[in-house]
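As a plain string of letters, each chain reads:
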Amino acid sequence: MSGSKKVVIAAMAGNLLIAVTKFVAAMITGSSAMLSEGIHSLVDTGNGGLLLHGMRRAKTPPNERFPFGHGKEVYFWAFAVAVLIFALGAGISLYEGVVHLFHPEPISNPLINYIVLGLAMVFEGTAWTIALKEFRRTKGGRGYLEAISRGKDPTTFVVLFEDSAAMLGLLVALLGVLLSQVTGMLWFDGLASIIIGLILAGTACWLAYETKGLLIGEAANPRVVAGIRRAALSMPSIESVNEVLTMHMGPDFILVNISVTFSPSLGTHRLESVIAELDRTLKAEDPRIKRVFVEAEAPAATA
């Protein structure tokens, strides 16, 4: 099982267990923040299912209609996850918070909320730890923000974002229930629900921003492009590399269009074999390079 798939499945299992316990606690206690947290966990569970669906669809082989395969499906479903977090998670949490802010209701038996929130932190913390370990493994020596902005596999950082927002939401829900109980001001519970909604909205906007570039066609990382240029120039039959155009058709599928100037001494009868060698060289440079298109330019005319 791939690391990304393991992260998604772990997050789904944890979120489903947490959602059930939160909804039970919300029904017993009447807590708005707990209901919002239950909705949050349920949305996260569904989002995990969408990510798994996208990962499965991305493996569909190429056909006449989609000659480069379906790798970008994982980008589409990651973007759909961001939309759902915003529309369902944030929208419902904000609505519930506003309603309970103006019409607060007493929380009965808050001990149940504390127990459920404590268990949720354990489950969510476990899923968050798994996601963080996988993200650290894939990011290499890059910083966290750089790894997110340049990452081409959104599944890991989507789950990490979701779990981070969930942990923060749990702390807010705990604080809201605690303040409502200690101060007797019931509107704290509704305020906590509003804050949870804002956290989800912010998370959704960031996820949408990060996946947008991948969805519309983002180039490979500069390090990969530099490696392509260097590998091409290492061939004695290539005089210069004029342009390197790349696009991620999926996390593990890079499309390369390279324009090169071949040596004038290269006869036309050898051109085909040199192009084939260039194709093999670039694919050996990075296993993610699946398709290579070569444009041959004439050498500059001499005076």
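Below, the structure is looked at part by part. Just so we're clear, the structure is a prediction, and the values are computed from it rather than from any experiment.

Attention now goes to the pairing of strand β1 (residues 238-250). The side chains of a regular strand alternate, first on one face of the sheet and then on the other. The pairing of β1 with strand β2 (residues 253-262) spans 10 bridges and is classified as antiparallel. Paired with Val244 across the strands is Ile258, a residue of β2. Following β1, the chain reverses through 2 residues before pairing antiparallel with β2.

Counting through the fold element by element, Ala10 comes out in helix α1 (residues 3-29). Spatially, the C-alpha atom of Ala10 lies 9.8 Å from that of Val159, the residues being 149 residues apart in sequence. Setting aside residues up to four positions removed in sequence, Ala10 forms contacts with Ala127 and Ile130.

This paragraph deals with the pattern of salt bridges. Note that side chains of opposite charge can pair when their charged atoms are close. Inspection of the entire model under this criterion finds 6 salt bridges. Arg137 is paired through a salt bridge with Glu134; the nearest N and O atoms lie 2.5 Å apart. Taken together, the residues span about one helical turn, with Arg137 and Glu134 both in helix α4 (residues 110-139) at a distance of 3 residues. Among the residues examined, Arg137 registers a relative accessible area of 57% and is labelled exposed. Residue Glu134 is classed as buried on the basis of its relative accessible area, which comes to 8%. Note that Asp279 and Lys283 form a salt bridge whose closest N and O atoms lie 3.1 Å from each other. Remark: Lys283 and Asp279 occur in helix α9 (residues 268-285); sequence separation between them is 4 residues, near one turn of the helix.

For the rest of this paragraph, the subject is the packing of aromatic side chains. Describing an aromatic ring pair means giving the distance of the ring centres and the angle of the ring planes. Taken as a whole and assessed by the stated rule, the structure comprises 4 aromatic pairs. On the numbers, 4.9 Å between centres and 75 degrees between planes, the contact of Phe76 with Trp77 is edge-to-face. Residue classification places Phe76 among the partly exposed positions, given a relative accessible area of 43%. Ring centres of Phe161 and Trp206 lie 4.5 Å apart, and the angle between their planes is 45 degrees; this geometry places the pair in the tilted category. Of the two residues, Phe161 sits in helix α6 (residues 154-183) while Trp206 sits in helix α7 (residues 187-216), which places them 45 residues apart along the sequence. Relative accessible area serves as the criterion here: at 37%, Trp206 is assigned to the partly exposed category.

It is worth spelling out the packing of helix α3 (residues 73-102) against α7 at this point. Where α3 meets α7, the axes come as close as 7 Å, and the angle between the chain directions of the two elements is 165 degrees. In terms of their interaxial angle, α3 and α7 are classed as roughly antiparallel. When you trace α3 past α7, the crossing you get is left-handed. Taken together, the residues of the contact of α3 with α7 sort by class into 24 nonpolar, 8 polar and 1 charged.

With that out of the way, let us pick up the environment of Trp187. Relative to the elements of secondary structure, Trp187 occurs in helix α7. By relative accessible area, Trp187 is classed as partly exposed at 34%. Sequence-distant contacts of Trp187, defined by excluding residues within four places in its chain, comprise Leu101 and Pro104.

Turning next to a nonpolar patch on the surface. Residues Leu17, Leu111, Ile115, Leu119, Val122 and Phe123 make up a contiguous nonpolar surface patch of roughly 550 Å² in combined accessible area. Per-element tally for the nonpolar patch: the top contributor is α4, with 5 residues. Looking at the element boundaries, Leu17 is found in helix α1.

The next point concerns the sheet that holds β2. In space, the 3 strands of this open sheet follow the order β1-β2-β3, with mixed pairing throughout. Looking along the sheet, the strands with just one partner apiece sit at the ends: β1 and β3 (289-297). Between one strand and the next, the sheet's axes are offset by a mean angle of 15 degrees, whatever the strand orientation.

Basis of the calculations
- Every residue gets a number counted from 1 within its own chain, in the order that chain's sequence is written.
- Local features in this predicted model are restricted to residues whose pLDDT is 70 or higher, and side-chain atom pairs enter the listing and the counts only when it is 80 or higher, whereas totals over whole chains, interfaces and linings include all residues.
- Side-chain figures throughout are based on the complete set of non-hydrogen atoms in the structure, without hydrogens or water.
- DSSP-based pairing: two strands are paired if at least 2 bridges between them are found.
- Note on conventions: DSSP H or I runs of at least 4 residues are helices, E runs of at least 2 residues are strands, and numbering of each starts at the N terminus.
- By definition, residues are in contact when any of their heavy atoms lie within 4.5 Å.
- Within this document, salt bridges are pairs made up of a side-chain nitrogen of Lys or Arg and a carboxyl oxygen of Asp or Glu, the two lying within 4 Å of each other.
- Partly exposed describes any residue whose relative accessible area lies between the buried limit of under 20% and the exposed limit of over 50%, with all areas from a 1.4 Å probe on protein chains only and scaled to the type maximum.
- Pairing of aromatic side chains here covers Phe, Tyr and the six-membered ring of Trp, requires ring centres within 6.5 Å, and sorts the geometry by plane angle: under 30 degrees stacked, over 60 edge-to-face, intermediate tilted.
- Orientation is described by lines fitted to C-alpha atoms, with helices fitted over the stretch in contact, and by angles between N-to-C directions that extend from 0 to 180 degrees.
- Each angle is binned into one of four classes, with values under 35 degrees roughly parallel, values over 145 roughly antiparallel, values of 65 to 115 roughly perpendicular, and all other values oblique.
- Crossing handedness: left-handed means the near helix sits turned counterclockwise from the far one by under a right angle, and right-handed means the same turn made clockwise.
- Gly falls in the polar group here, along with every residue not listed as nonpolar (Ala, Val, Leu, Ile, Met, Phe, Trp, Tyr, Cys, Pro) or charged (Asp, Glu, Lys, Arg).
- Patch membership is restricted to residues that have no salt bridge and whose relative accessible area is over 30%. Joining uses 9 Å for like charges and 5 Å for the nonpolar side chains Val, Leu, Ile, Met, Phe, Trp and Tyr.
- Here, Shrake-Rupley sampling with a 1.4 Å probe gives the accessible areas, and only protein chains in the shown set may cover a residue.

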